[in-house]
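# Structural features, examined
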Amino acid sequence: MLNRIILMGRLTRDPELRHTQTGTPVASFSLAVDRDFKDKSTGEKSTDFIDIVAWRNTAEFVSRYFTKGRMAVVEGRLQMRDWTDRDGNKRRSAEVIADNVYFGDSKRDAEGGSYAPPPPAYGGYAAPAAPASPAPGAYSAPMGGDQFADLSDDDGELPF
């Protein structure tokens, strides 16, 4: 069986970070996700508002670096939840349990400029490390703007 979902959309509100009684972080937020097709009568795309729940390191990451309006890519699974409202009526909600959340926009596209890169070793969201220096005597590609060499036997034909 397979239950995987990948969504890309904008946060409709700032993430709400809470903690369970045992201290486990949990963040909830919602994404506005445009549909790929336009409505025939209006000619406009419809938008779905999808509830997202993130746990542990992912919850802390989202609450720290995402705000209303930021573009996010969420990877996770769909979960149905039954609950009872204040009037005693049985309700059912669909929500996405986020396994991974990624930035969907660039630093310069983010409104407010409050973005800062995540600290190293923070739940697997660190920036890639700088390349290590080669060992003495090991082959090293020449440094500089052009690290690609021209092919001497290129006849201009595609290989397929």
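Residues numbered from 1 in each chain as written. Predicted model: local features only at pLDDT ≥ 70, side-chain atom pairs only at ≥ 80, totals over all residues. Heavy atoms only, no water.

- Per an unreviewed UniProt entry, the chain goes by Single-stranded DNA-binding protein and derives from Candidatus Flavonifractor merdigallinarum.

## Comments concerning the pairing of strand S2 (residues 16–19)
- Pairing of S2 with strand S3 (residues 25–38) involves 4 bridges; the strand directions are antiparallel. Bridge pairing in S3 links glutamate 16 to serine 28.
- The loop that links S2 with its antiparallel partner S3 comprises 5 residues; one of these, glycine 23, has a positive phi angle of about 95 degrees. (Pairing = 2+ DSSP bridges. Helix = DSSP H or I, 4+ residues; strand = E, 2+ residues; numbered from the N terminus.)

## Things to note about helix H1 (residues 56–65)
- Listing the buried residues of H1 in full gives Thr58, Ala59, Phe61, Val62 and Tyr65. Angular distribution of buried residues about the axis of H1 spans 165 degrees; they occupy a single face of the element. Away from the buried face of H1 by more than 90 degrees, exposed residues Arg56 and Arg64 are located.
- Of the surrounding elements, those touching the buried residues of H1 are S2, S3, strand S4 (45–55) and strand S6 (90–103). (Buried < 20%, exposed > 50% of the residue type's maximum accessible area, 1.4 Å probe, protein only. Arc of directions from axis to C-beta. Contact = heavy atoms within 4.5 Å.)

## A short note on the packing of aromatic side chains
- According to the stated counting rule, one finds 4 aromatic pairs in the structure shown.
- Ring centres of phenylalanine 61 and phenylalanine 66 lie 5.9 Å apart, and the angle between their planes is 70 degrees; on these two criteria the pair is classed as edge-to-face.
- Phenylalanine 61 gets classed as buried once you look at its relative accessible area, which sits at 1%.
- Accessibility expressed as a relative area gives 2% for phenylalanine 66, which makes it buried.
- With a centroid separation of 5.7 Å and an interplanar angle of 65 degrees, the aromatic rings of phenylalanine 61 and phenylalanine 103 are classed as edge-to-face. Residue phenylalanine 61 is found in helix H1, and its partner phenylalanine 103 is found in strand S6; the two are separated by 42 residues along the sequence.
- Judged by its relative accessible area of 26%, phenylalanine 103 falls in the partly exposed class.
- Three or more aromatic residues link up through ring pairs in this structure, and these residues are Phe61, Tyr65, Phe66 and Phe103. (Phe/Tyr/Trp six-rings, centres within 6.5 Å; stacked < 30°, edge-to-face > 60°.)

## What to know about the confidence of the model for the chain
- Put simply, the chain has an average pLDDT of 79, and 67% of its residues get 70 or more.
- Of all secondary-structure elements in the chain, the lowest mean pLDDT belongs to S3, at 92, while strand S1 (residues 5–11) reaches the highest, 95.
- Per-residue pLDDT stays below 50 along residues 113–128; that stretch engages in 24 contacts with residues further than four places along the chain or on separate chains. (pLDDT = per-residue confidence, 0-100.)

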